[in-house]
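Structure at a glance
Listed here are the chains, written in short residue letters.
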Amino acid sequence: MSVNMKDYDYLLKVLLVGDSDVGKHEILSGLEDASSESPFCSGNAYKTTTILLEGKRVKLQLWDTSGQGRFCTIIRSYSRGAQGIILVYDITNKWSFDGIDRWLKEVEEHAPGIPKVLVGNRLHLAFKRQVAAKQAELYASRNNMSCFEISPLCDFNIRESFCELARMALHRNGMERIWRNNKVLSLQELCCRTIVRRTSVYAIESLPLPPSVKSTLKSYALTTSQCFNTLNSTSKSKNRCKTPTSSGRNSCCIA
């Protein structure tokens, strides 16, 4: 019997908004692993791409809102269920940057508080620049946004902007608590835990290790011992569970 396993840990809906001809389609078409998964939409289909963030697979549904003049209708229609917004302008077109105000106003009206990232596209045409990077950074700072200049042609800063938006969106939805519990341990921490499980606090001093490492190991050992004693005494007083035995696992893991 086959089991349908998900190929991601989190799924986020992201809108790309901005004036026409700022390169939103360029951004999506330049993604190597992107696939179109919107057979019932014509003109405003979305593509999906998966990024790795803090050891978790985050699948993004990237909706290209086409940048038509009817931006009010677009935001109302597509903002439902969206967890992030990418505001795109063309660094060689000052009008497209000025138009961000209009898009931002609609986003705040129909999707208030949603995480946003400001993206200046076509950095490979910087010799034609009409929008200074500092100007965009100040604008983004005033509106509580992150800011990136990207180039689909050079594959520059696109993944980084996606990762930043995904991090903001997951943090807003309270996922940082889950990440903290599943955080990948450092090599040193893994080694310390392994040694502590197999020795006593008194035997640590005789190990051929640097003093700083021994100090860390003693801290682990003492804390683990205290946790074990606390659980043991609690279980006896309540008489509701068996006393923990040395079955090869610690009664308490140190985060």
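In this convention, every chain numbers its residues from 1, walking through the sequence in written order. In view of the model being predicted, local features appear only for residues whose pLDDT reaches at least 70, and side-chain atom pairs are presented and counted only at 80 or more, with totals across whole chains, interfaces and linings using the full set of residues. Side-chain calculation: all heavy atoms of the structure are included, whereas hydrogens and water are not.

**Things to note about the pattern of salt bridges**
Put simply, a salt bridge is a Lys or Arg side-chain nitrogen that is within 4 Å of an Asp or Glu carboxyl oxygen. By the definition in use, this model includes 9 salt bridges. In this structure, the salt-bridge partner of aspartate 90 is arginine 122, at a minimum N-O distance of 2.7 Å. With aspartate 90 in strand 5 (residues 84-90) and arginine 122 in the loop between strand 6 (116-121) and helix 5 (133-142), this pair connects stretches of sequence that are 32 residues apart. Judged by its relative accessible area of 5%, aspartate 90 is buried. Of the charged contacts in the structure, one is a salt bridge between aspartate 98 and lysine 94, with a shortest N-O distance of 3.2 Å. One end of the pair is aspartate 98 and the other is lysine 94, both in helix 3 (residues 94-98) and 4 residues apart, which spans about a single turn. Overall, aspartate 98 belongs to the partly exposed group, its relative accessible area being 33%. Assessed through its relative accessible area of 36%, lysine 94 is described here as partly exposed. Salt bridges linked by common partners bring Asp21, Glu26, Asp90 and Arg122 together as one network. Helix numbers and strand numbers start at the N terminus; a helix is a DSSP run of H or I with at least 4 residues, a strand a run of E with at least 2. Burial status follows relative accessibility: with a 1.4 Å probe on protein chains alone, a residue under 20% of its type maximum counts as buried, one over 50% as exposed, and anything between as partly exposed.

**Some points on the nonpolar core**
Residue types Ala, Val, Leu, Ile, Met, Phe, Trp, Tyr and Cys, when buried and joined through side-chain atoms within 4.5 Å, form a set referred to as a nonpolar core. Core analysis: the biggest nonpolar cluster contains 26 residues, and Val58, Leu60, Leu62, Ile86 and Phe162 have the highest contact counts within it. Elements with a contribution of two residues or more to this core: strand 1 (10-17), helix 1 (24-29), strand 3 (46-53), strand 4 (56-64), strand 5, strand 6 and helix 6 (158-172). Looking at which element gives the most residues to this core, the answer is helix 6, with 7 residues. Two residues form a contact once any of their heavy atoms are found within 4.5 Å. Contacts of isoleucine 86, omitting those with residues within four sequence positions, involve Val14, Leu15, Leu16, Val17, Val117, Val119, Phe162 and Leu165.

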